[in-house]
Every structure is written in C-alpha cells, then in structure tokens.
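# Coordinates in review
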Amino acid sequence: MNLLLKEIRHNPLLWLLIFVPAVFAGKALKPEAHTLLFALSVLAIVPLAALLSHATESVAAKTGDAVGGLLNATLGNLTELVIALTALHAGQYMLVKASIAGAIVTNTLFMLGGSFLLGGLKHHVQEFNRGSARMQAGLLFLATVALLIPSAVSGSDSTAGAAFIEELSVGLAVLLIVVYGMGMLFSLKTHRELFASAQAGEAGEAPWPVGLALATLAGVTVLVALVSEVFVESVQEAAVAFGMTPAFVGFIVVALVGAAAEMASAFSGARKNRLDLSVGIALGSASQIALFVAPVLVVLSYVIGPTPMSLQFWPGAVVMMLIATMTAALVTNSGRSAWFVGVLVLAVYLVFATTLYLMPPRIQ
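A quick note: this is a predicted structure, and the numbers were derived from the prediction, not measured.

What follows covers the overall build of the protein chain. Secondary structure assignment for the protein chain yields 13 helices and 2 strands. Expressed as a percentage of its 364 residues, the buried residues of the protein chain come to 51%. Of all intrachain contacts in the protein chain linking residues separated by at least 6 positions in sequence, the fraction that spans at least 24 positions is 85%. For the protein chain, the exposed surface amounts to about 15,600 Å²; the carbon and sulfur share of it is 70%.

A separate point is the nonpolar core. One finds Val105 and Phe251 to be the most contacted residues of the largest nonpolar core, which totals 105 residues. Element by element, the count of residues in this core is highest for helix α11 (residues 275–304), at 14 residues. With sequence-adjacent residues up to four places away left out, Phe251 is seen in contact with Ala98, Ala101, Gly102, Val105, Thr106, Trp314, Ala317, Met320 and Leu356.

What follows covers the packing of aromatic side chains. In the structure shown here, the tally under the stated rule is 8 aromatic pairs. For the ring pair Phe110 and Tyr349, a centre distance of 5.3 Å and an interplane angle of 50° mean the geometry is tilted. Residue Phe110 is located in helix α5 (residues 93–122), and its partner Tyr349 is located in helix α13 (residues 339–358); the two are separated by 239 residues in the primary sequence. Ring pairing ties together the aromatic residues Phe110, Phe267 and Tyr349, which thus form one cluster.

Cut-offs used in this document
Position numbers for residues count from 1 along each chain, tracking the sequence in the order it is written. Under the rules for a predicted model, residues below a pLDDT of 70 receive no local features and side-chain atom pairs below 80 are neither given nor counted, while totals for whole chains, interfaces and linings still include all residues. Side-chain calculation: all heavy atoms of the structure are included, whereas hydrogens and water are not. Strands here are runs of E lasting at least two residues and helices are runs of H or I lasting at least four, both read from the DSSP assignment and numbered beginning at the N terminus. Relative accessibility thresholds used throughout: buried, under 20% of the residue-type maximum; exposed, over 50%; partly exposed, between the two (1.4 Å probe, protein chains only). Throughout, a residue-residue contact means that at least one pair of heavy atoms, one from each residue, lies within 4.5 Å. A 1.4 Å probe and the Shrake-Rupley method give the accessible areas. Residues count as covered only by the protein chains that appear here. We define the nonpolar core as a collection of buried residues of types Ala, Val, Leu, Ile, Met, Phe, Trp, Tyr and Cys that are connected through side-chain atoms lying within 4.5 Å of one another. Pairing of aromatic rings covers Phe, Tyr and the six-membered ring of Trp, with a centre-to-centre limit of 6.5 Å; geometry is then stacked below 30 degrees between planes, edge-to-face above 60, and tilted otherwise.

Function-wise, these values are silent; they only describe arrangement.
Encoded structure:
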C-alpha cells in the first residue's frame, strides 16, 4: 500500500483520481447533468488507466510480455463486457453490436498504430515477435469471416429467415469460443516458446510486488467498469451538445474510452521498447472481443436478453472490421516497425472516423 501511495504522490496524472468519487457524487446528486457526468467520467478514467498500466507492467515483468498482454487485454475487455451486458439486458442489440465492432476496429488500428508511432518516435526501429502477431491476426481474420457470413447469407438469400440466422449465430459462436480456447492452449502451453519477446525492453523502475499489482488490477478494473457505466449513460445526451452523430459515438467515442486502460499500457510499453507487450495488448484484445466476448454475448442473450441476439452486423461494420484485420496482418508481417508505419495505420482509422462523423452507416 505504501508503494501505491508513493506512486500517487509522485505522479501528477494520478492526482486526477479525485474525479473518481466526483463521478459517483455527481451521478447521485445531478443524474440529469449528462454533459457534466460525461466530462467527469472521462477525467476519472484517465488516472485509472495509468494505474492499470503500471500494475500490468509489474505483472508482465514477472510473467513475460505474452501473459502480461493477455492479462491486460482480458481485464480491459471486462469494461466492454459489463457495458455490453447492461445493453443486452435492456435489449439494445444495435448498441451492443456497435460497441463490439468499434472495439475491434479501435484496438486493431488506433491502439496498434499509436504504439508503432509513439515507440518509433523514441526508438529508430523496433522489433516484435512476428509469429505471435501473425497468430493474433489469423484469429481476427477467422472471427471477421464468422461475422461476415450471417450478413452475407441474409443479404443474398431471401429465404434465410430470422430463425435460421439465430441458429447459425449460435453455431458460429460456439465454434469461435472453442477456437479461442485452443489458441490460448497453443500460445500459453504447448508452443509457448514461439511467443517469447523479440527484443528486451528498457530498464525502468522496479516493478511492484505481484500481490500489490494483482490487487490493484482487480480494484481498478471494478472502478473502470463502474465509471464506464456512468460514461455510457451520459454520452448519448452529451453527444448532442457536442454535435456528434450516434454512429460516431457508438463506434468511436465509446470504444476509445472503454479501451483507455489498455491503451495506456500499450503506449507505455512501446515507449519502453517493449513492443511485444503493446502488440499483444492491441491484437490480443481485438481477437478476444471477436472470438470470445461477442460469442458469449450471443449465448447469454438467450438467458438475460428479451430476445436472442444474432451475429448479423450491418455491412459497413463488417467491411471496417475486415479492412482493419487485413491492415494489421500487413503491417505486422515483417516483425519490425518504425514511426511511419504507425502513421499509416492511424490514417486508416481516421478514414473510418471521418466517415462515421460525417455520414453514419445505415443500420439494418
């Protein structure tokens, strides 16, 4: 606990933790002040993301970047899962699908591109484990194909009814979960030697003890989830005040804030020349959402949702996810990166963001 308090005292960014209780107080006293709650929740998530970043780096120092990246991606995705479960229970399936698609595109393009850019500005050329990145890109491609098929079948075959799409979605969901589990077995057990870090990181501060790091991870993850709920409740009303479209909010803003904790860890790792950790967080988080979170939501919709949810996305979302996956596979194929590679990846993301801001996709 003394180490944690020392870190808060010496890091001005963590002084923003004062906004965490302010969010809950504002929610209790002025629940209708959506713009204020939106601003407070964003300010609260920033220091929580910094704490999560430090704790994850401490765990990764003991377990290796592969396990550290997986742990960060899993804990970071709990935020998206909590948000999606709340929307699922309310029957807001389009919001659920928008958050899933937005999280996949944001993690694959914005987080990966930002890591390449920030790491490349400090280090001339960086190396990472090409095999690990190719596996994650392969898993993402599989998930994108599974998400594409229900939409393609529904659009091309008029006889494909809702019951067929629901049955197909359940079958694909089970398949994706099984493949994801086998992928974890492959990378963490049977062939773990193939996923070792390609380049040693810089020597930095002494890591926290594992017990303190894990306790911080657990506590901060809960707080991030709670603050994110307030954020999601207020963001739609605040978006009107800021002139943002619903599509832009669901696909870009919610995804960026929901992934803030993971981004802090990924960007910090890249600056410390630990690009394997950054790539593992970015692609690992995206593949986990596509192969585990989305299928689990389909299965849980039969339990907590008013009606079953399918894996049928609107065409624009499927195209963006497919392009994001192909971009990630292309830029990670060499196992080397420089800052301009990050610029190219971020440019693809900005093309999507600009399109959504000016012309939201037609929801089908």
